[in-house]
Amino acid sequence: EECTCQVVRSIDKWSGDLANERSIEEAYVRLIQGAQHYVHIENQFFVSACEGSDEVENRVTKAIKDRIIQEINNEKRNKVSSKFRVVVILPLLPGL
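Caption draft 1: Spotlight on the environment of Arg85. Position of Arg85 among the secondary structure elements: in strand E2 (residues 85–89). The class for Arg85 is partly exposed, based on a relative accessible area of 48%. Along the sequence, Arg85 and His40 sit 45 residues apart, while their C-alpha atoms lie 8.4 Å from each other. Among residues more than four places away in sequence, those in contact with Arg85 are His37, Tyr38 and Val39.

Below you can see the structure in the form of structure tokens.
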């Protein structure tokens, strides 16, 4: 079975003088939207918000929520249970 993997690195104003660089967020959202069976995220600095946050612009968790809702609606429409799963692994103490 074929599997596609993408590795991205972060850069921002402090590390590369690029303000509002969003390629990692865009990659996460694109991959979450296209996931067929599961989403697996491991990130020691995972910061995101679904709605109502003026401080956090990253919307990866909104993409996860929307993808789960899409799967629930597909199950209701097709009356077939999918095995779609989301796994997010975070460290107890980020950055250590």
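Caption draft 2: Here's a closer look at the nonpolar core. Counting nine residues, the largest nonpolar core consists of Val29, Ile32, Ala35, Val39, Ile41, Val60, Ala63, Ile64 and Phe84. Mapped by element, the contributors of at least two residues to this core are helix H2 (23–34), strand E1 (38–42) and helix H3 (60–78). With three residues, H3 is the single largest residue contributor to this core. Dropping the residues within four chain positions of it, Ile41 is found in contact with Tyr28, Ile32, Phe46, Val60, Ile64, Val87, Val88 and Ile89.

Caption draft 3: View of the pairing of E2. Of the strand pairs in this sheet, E1 and E2 are connected by five bridges, and their pairing is parallel. Note that in E2 the partner of Val39 across the bridge is Val86.

Caption draft 4: The arrangement of the packing of aromatic side chains in detail. Applying the stated criterion across every chain, the model contains zero aromatic pairs. Over the face of the ring belonging to Phe84 we find Arg67, whose NZ or CZ atom lies 4.2 Å from the ring centre.

Caption draft 5: Representation of the pairing of E1 in the model. Of the two faces of E1, the one lined by Val39 and Ile41 is fully buried and the one lined by Tyr38, His40 and Glu42 carries no buried residue. What joins E1 to E2 is H3, and the crossover it makes is right-handed.

Caption draft 6: Up close: the pattern of salt bridges. All chains considered together, the criterion is met by two salt bridges. In this structure, the salt-bridge partner of Lys62 is Asp66, at a minimum N-O distance of 2.8 Å. Of this pair, Lys62 and Asp66 both sit in helix H3, four residues apart, which is roughly one turn of that helix. In this structure Lys62 comes out as partly exposed when scored by relative accessible area, which is 31%. Two residues, Glu71 and Arg67, come together in a salt bridge whose shortest N-O distance is 2.8 Å. Of this pair, Glu71 and Arg67 both sit in helix H3, four residues apart, which is roughly one turn of that helix. The buried category is assigned to Glu71, whose relative accessible area is 11%.

Cut-off values and rules
- Residues numbered from 1 in each chain as written.
- Predicted model: local features only at pLDDT ≥ 70, side-chain atom pairs only at ≥ 80, totals over all residues.
- Heavy atoms only, no water.
- Helix = DSSP H or I, 4+ residues; strand = E, 2+ residues; numbered from the N terminus.
- Buried < 20%, exposed > 50% of the residue type's maximum accessible area, 1.4 Å probe, protein only.
- Contact = heavy atoms within 4.5 Å.
- Core = buried A, V, L, I, M, F, W, Y, C linked by side-chain atoms within 4.5 Å.
- Pairing = 2+ DSSP bridges.
- Phe/Tyr/Trp six-rings, centres within 6.5 Å; stacked < 30°, edge-to-face > 60°.
- Lys NZ or Arg CZ within 6 Å of the ring centre and 35° of its normal.
- Right-handed = clockwise from strand over helix to strand, strands pointing away.
- Salt bridge = Lys/Arg side-chain N within 4 Å of Asp/Glu carboxyl O.

All quantities given are derived from atomic positions and should not be read as evidence of function.
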